[in-house]
Amino acid sequence: MKKLYTLVFLLVASTTIVFAQNRDTKTADKHFDRFEYVKAAEEYQKVIKRGKADTYVYTRLADAYFLINDTKKAEPFYKRVSTRKGVSPETIYNYAQTLKANGKFEESNTIMDQFAQMSPNDSRAIEYKRNPNYIPQIMEGKPRFSLKQVGGLNSSFSDFGVHKVGDKIYFSTARNTSNKTYGRSQEPYLDIYEATYVNGLATNVQAVKGDVNTKYHEGIVTVTADGKRMYFDRNDFYNGKYKKNEEGINQLNIYYADLVDGQWRDVQAVPFNTREHSQGHPALSPDGKTLYFVSDMPGGQGDSDLYKVAINTDGSFGEPQNLGTSINTPGKEVFPFIGDDGTLYFSSDGHLGLGGLDVFKAPKSGSGFGAVENVGVPINSTADDFSFSIKDATQEGFVSSNRDGGVDNIYSTREICVSTINSIVKDANTNRPLGGATVALYDSNQNRLTSKMTGADGKATFEVECDQNVSVQASLNGYESNATTVSTADKNVNTEILLRPIDEIIVDDQVVLNPILFDFDRHNIKPQAATELDKLVQLMKKHTEMVIKVESHTDIRGAVEYNRQLSNRRAQSTVQYVISKGIDASRISGEGFGEDRPAVKCGTNCTEAQHQQNRRSEFIIVKR
């Protein structure tokens, strides 16, 4: 029931209109302003029972539930205020996020339309209006990762934020019940723990030794490649002093410590810490020369932004730099991680996602980063998904999520190799791209995997697992269907499918198709055979007077009479398939000839290829 990622930014942007604080809400407001949202919700409910509720109370109550991730309870109160005069755009945005978290995607889009009307220049509104159908695209994309909970690691309290060095992992947890209880989450304050991690199992789970953990929150960790220096975030508690800003808020700050004789000692504060705003979620670049972090410092785009700062060779720090508007939004960007190839991974509630926080990635591009992309399911869900990390060499990583009962848990993940098939369908005679064609994928067993329609440019794109042989089949009214087989050994595969106008399959008094393949001793229509027979169906629909006789043949293996019966069954299966596609039964008939009319007269010395030639169907034009 927690959204612990907001612990790092205690200056939570209030979505509430400001006209209604009074003595009736004094106690509730006090808890809310202290971020004690569970108690605040209880007090606002008391105000409602006393008949003193108004838009302010309902909005604050909705916000309190939203901020502890109880979206089921938040929804009716957001709904109540969504049509009232003076409601803030941020309240409407939170309502849309709440509906998504509750799986109500269409309703969420309706509310996002309202938000976009209220704040048309907000980057979240612009991104939504550019792609309002983004949810099916995320949900239906080929999963790029596997996911499972880490064995031996999660507790009944919040556990999140893994950083791995060698066979050791560091993470944040609220399991230390000797710590005092934090009012907002009703769990103990967070500490940094470590564990040995081998073959998907965590052992030797314990608090890190030394001076890092205190009686306040310690959270996200990053460690240098040599394992000797740890950067971490903590409440602004340093040298025994707990500091607050002018508004009485204790911020989050970044510190570092060195490993000395197995213990983390000599805790130091980074020079850009301040009591006036928070900075946290440290993440090192692979070369250790840049520290990425999150802050709500002035000049940012939204509630919290991603920043970077140089770590100089003498250990000093440069000036923090905002990562810019392509990464940061008016919402929250949190939990950065830099992959071995320089890719930035982070979580956000401002980019287009499935609800709450989603994990996104942006490839390295020059001195910055390229386009932001949602990493998709199963990493992302309608809950909060955050603190993603991965090692390119092993393709193994971790992600945290509160999808399981609202409690933050740690999951291990492995990247699945996905190949993108870029297909284009063209007219074989003119080389013109053909829009509206159906392109279908089949696996090596001729099982249909998926299909799409080509756009006006003749293109259709698919994602499949690597290292497969896939049949790409295209069909379009007025054209002969065609197929090609591609290997997905590479991550990007381009293939071109040429379709001939359908009349070209008429040769003399026959319709010439690719061989209609039947399994040995079987007569059922296989997917490959269906693709070929669809050409015949198209032709007969174009030429409405055409009458066809199907003549089926077998090879010489098997008894003569049995083969005659088998070939007749195959002929009738073929006829029935064509009829099922809308061709009148009076226009097609079939007959089996067994082994009586071989295409290749090879007797008992036939090769397998010759047997295949003899095991065939022919389509005789009886009437044009």
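Residues numbered from 1 in each chain as written. Predicted model: local features only at pLDDT ≥ 70, side-chain atom pairs only at ≥ 80, totals over all residues. Heavy atoms only, no water.

K.L.:
Help me understand the state of the cysteines, please; the structure alone is not making it clear to me.
P.N.:
Applying the stated rule across the entire model yields two disulfides. There is a disulfide in this structure between Cys417 and Cys466, and the S-S distance comes to 1.9 Å. As the torsion about the S-S bond is roughly -70°, the Cys417-Cys466 disulfide counts as left-handed. Linking Cys417 in the loop between β26 (409-415) and β27 (418-427) with Cys466 in the loop between β30 (459-465) and β31 (469-475), this pair joins segments that are 49 residues apart in sequence. A relative accessible area of 10% places Cys466 in the buried class. For Cys602, the disulfide goes to Cys606, at an S-S distance of 1.7 Å. Measuring handedness by torsion sign, the sulfur bridge of Cys602 and Cys606 sits at about 90° and is right-handed. For Cys602, a relative accessible area of 14% translates into the label buried. The exposure class assigned to Cys606 is buried, which follows from its relative accessible area of 14%. (Disulfide = S-S within 2.5 Å. Helix = DSSP H or I, 4+ residues; strand = E, 2+ residues; numbered from the N terminus. Buried < 20%, exposed > 50% of the residue type's maximum accessible area, 1.4 Å probe, protein only.)

K.L.:
Help me understand the side chain of Thr495, please; the structure alone is not making it clear to me.
P.N.:
With respect to the secondary-structure elements, Thr495 resides in strand β33 (residues 492-499). Given a relative accessible area of 9%, Thr495 falls into the buried group. Residue contacts for Thr495: discarding those within four places in its chain leaves Ile421, Asn422, Ser423, Ile424, Thr484 and Val486. (Contact = heavy atoms within 4.5 Å.)

K.L.:
Would you mind going over the sheet that holds β27 with me for this structure?
P.N.:
What holds strands together in a sheet is hydrogen bonding between their backbones, with the strands either parallel or antiparallel. Strands sit in the order β30-β27-β33 across an open sheet of three strands; the sheet is mixed. One side of each edge strand has no neighbouring strand; the edge strands of this open sheet are β30 and β33. Along the sheet, successive strands turn relative to each other by an average axial angle of 25°, direction set aside. Examined bridge by bridge, β27 and β33 share eight bridges and lie parallel to one another. Note on β33: the bridge partner recorded for Lys426 is Leu498. (Pairing = 2+ DSSP bridges. Axes fitted to C-alpha atoms, helices over the stretch in contact; angles between N-to-C directions.)

K.L.:
Looking at this model, I keep getting lost on the confidence of the model for the protein. Mind explaining?
P.N.:
Keep in mind that low pLDDT regions are not for reading the predicted coordinates in detail. Scored by pLDDT, the protein comes out at a mean of 90, with 96% of its residues at no less than 70. The low-confidence segment residues 1-19, where pLDDT is below 50, has 82 contacts with residues more than four positions distant or belonging to other chains. (pLDDT = per-residue confidence, 0-100.)

K.L.:
Before we go on, may I ask you to explain the pattern of salt bridges in this structure?
P.N.:
Two side chains that carry opposite charge are able to pair once their charged atoms sit near each other. In the structure shown here, the tally under the stated rule is 33 salt bridges. With its nearest N and O atoms 3.9 Å apart, the salt bridge here joins Asp70 to Lys73. Judged by relative accessible area, Lys73 falls into the partly exposed class, the value being 44%. Connected via shared salt-bridge partners are Glu480, Arg500, Glu504, Glu532 and Lys535. (Salt bridge = Lys/Arg side-chain N within 4 Å of Asp/Glu carboxyl O.)

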